[in-house]
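Each chain, letter by letter, is given below.
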Amino acid sequence: ELSSSKISGIAGKKNSDGSIQVLAYACEDASSFIHKGAIYNIDKTAQALTSIINKLEGQLNNSIAKVYVGIGGQSLRTVRNAVSRTLEEESIISQELVDEICDENRDVPLVDMSVLDVAPQEYKIDNTLHVEPVGVAGKYITGQFLNIVARASLKKNLEHSFEQAKVEIADLLIAPIALANAVLTENEMRSGCALVDFGADTTTVLVYKNNILRYLSVLPLGGNNITHDITSLQMEEEEAERLKKAYGDAFYEEEEDQEEATCKLDDDSRTIKVSDLNNIVEARAEEIIANVWNQVQLSGYEDKLLAGIIMTG
């Protein structure tokens, strides 16, 4: 998994009950060459990938032939599309017709973007919705699709990095969807929920209803924005990150009769008020949450999410 803060590699085996046994784990810092989930320096990424594979192979005492790779990042989003057909007479919808409609959807011209995956929604046959259209009789059919798209360079740079590291890709997965499959229960996906993944540079919002992905978008906001704002109190980013983790609280309130809480900077010469730190944390956290809620509203499902919002990250 290539994310803005780190690249992680995990090796394991699937047990007969479907659970996964983790056998090895390794990670490398990625903040200098991956920004907002997108690779900026292919050489550095390739070096980090080689290092991770070497670490994993060392722990496993075994060689790794291929890897599954998650693709995510700022330009990842969903675009709705519909493809309609009118049949000459009422007839039974065939698999062939459905395949043609799916192919036509895939061929939608997109400027600078490429379709990474398609989440079929429902098919409207005459005036009723069907998840499985094959075998249903009708005269009009409309396939409703949710195309998962990203900037063409996102996938290209990813593939180049693995080529350069001489690591073969077994499959490219949409990282947020793989995450949703791991985190959400079937009940949550069916009754309707939003999954919010808070990252370092990005926050990803996915909306599910009736077991179908309905919306996905990646916001260019994350934990690093909070850290960066704290540096306005005259300190380095590393220090800001440390104070955020140690004292950060978006709901911070001081008791009136208590003396003001302070925290020490590493150089020991200066202290800052915990309330000043947390005013910054609160303001940025509120902004991130407001943007997340705006995405849930844009999905059109804000009042249909019976299982609410599930958070991870």
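Going by the structure above, here's the rest.
Predicted model, so just to flag it, every value in this text is computed and none were measured.

Colleague: Is there a simple way to think about the overall build of the protein chain in this case?
Modeller: What the protein chain contains, in helices and strands, is 8 helices and 16 strands. Overall size of the protein chain, expressed as C-alpha extent along the three principal axes, is 85 × 55 × 45 Å. Buried positions account for 41% of the 313 residues belonging to the protein chain. For the protein chain, restricting intrachain contacts to residue pairs at least 6 apart in sequence, the fraction spanning at least 24 positions comes to 64%. Split by element, the accessible area of the protein chain, about 17500 Å² in all, is 47% carbon and sulfur. Counting 28 positive and 51 negative side-chain charges, the protein chain places the centres of these two groups 4 Å from one another.

Colleague: Hey, could you run me through the packing of helix α6 (residues 223–230) against helix α7 (residues 237–247) in this one?
Modeller: To describe two helices that pack against each other, one gives the angle between their axes and the distance between the axes. Two numbers describe how α6 lies on α7: the axes approach to 8 Å, and their chain directions differ by 110°. The orientation of α6 relative to α7 falls into the category roughly perpendicular. For the element pair α6 and α7, the recorded crossing hand is right-handed. Packed against α6, whose contacting residues are Gly223, Ile226, Thr227, His228 and Ile230, the element α7 presents Glu237, Ala240, Glu241 and Lys244 at the interface.

Colleague: Sorry if this is basic, but what is going on with α7 here?
Modeller: Owing to its 3.6 residues per turn, the α-helix brings residues three or four apart onto one side. Every buried residue of α7 is accounted for by Glu239, Ala240, Leu243 and Lys244. Buried positions in α7, seen along its axis, are confined to an arc of 135° and lie on one side of it. Exposed residues on α7 whose side chains face more than 90 degrees from its buried face are Glu238, Lys245 and Ala246. Residues of α7 that are buried sit in contact with α6, β14 (262–264), β15 (271–273) and α8 (274–299).

Colleague: It is not clear to me how the pattern of salt bridges should be interpreted in this structure. Could you clarify?
Modeller: Pairing between side chains of opposite charge can happen when their charged atoms approach one another. Taken as a whole, this structure holds 13 salt bridges when the rule is applied. Between arginine 284 and aspartate 229 there is a salt bridge whose closest N-O contact spans 2.9 Å. Remark: aspartate 229 occurs in helix α6 and arginine 284 occurs in helix α8; sequence separation between them is 55 residues. Since its relative accessible area comes to 22%, aspartate 229 is described here as partly exposed. A salt bridge links lysine 244 to glutamate 241; the nearest nitrogen and oxygen atoms lie 3.3 Å apart. Of this pair, lysine 244 and glutamate 241 are both found in helix α7, 3 residues apart, which corresponds to roughly one turn of the helix. Using a relative accessible area of 17% as the deciding quantity, one classes lysine 244 as buried. One network of salt bridges, in which partners are shared, links Arg85, Glu100 and Glu104.

Analysis parameters
Numbers given for residues are sequential positions, taken from 1 along each chain in its written order. Reporting of local features is limited, given that this is a predicted model, to residues whose pLDDT is at least 70; pairs of side-chain atoms are given and counted only at 80 or more, and all residues count toward the totals for whole chains, interfaces and linings. To obtain the side-chain values, all non-hydrogen atoms of the structure were included, while hydrogens and water were left out. Runs of E in the DSSP output that reach at least two residues are strands. Runs of H or I that reach at least four are helices, and both are numbered from the N terminus. Exposed residues in this analysis have more than 50% of their type's maximum accessible area, buried residues have under 20%, and partly exposed residues fall in between, with area computed by a 1.4 Å probe over protein chains only. In what follows, a contact means two residues having at least one pair of non-hydrogen atoms within 4.5 Å. All accessibility values rest on the Shrake-Rupley procedure with a 1.4 Å probe; residue burial counts only the protein chains present in the view. Note that His is not counted, nor are the chain ends; the positive residues are Lys and Arg, and the negative ones are Asp and Glu. To locate a charge, take NZ of a lysine, CZ of an arginine, CG of an aspartate or CD of a glutamate. Orientation is described by lines fitted to C-alpha atoms, with helices fitted over the stretch in contact, and by angles between N-to-C directions that extend from 0 to 180 degrees. Note on angle classes: values under 35 degrees are labelled roughly parallel, values over 145 roughly antiparallel, values of 65 to 115 roughly perpendicular, and the remainder oblique. Definitions for this section: a left-handed crossing has its near helix turned counterclockwise from the far helix by less than a right angle. A right-handed crossing has that turn clockwise. In this description, one arc is meant: the one made by directions from the helix axis to the C-beta atoms. By salt bridge we mean one thing: a side-chain nitrogen of Lys or Arg within 4 Å of a carboxyl oxygen of Asp or Glu.

Interpretation in functional terms is not warranted from these geometric data alone.
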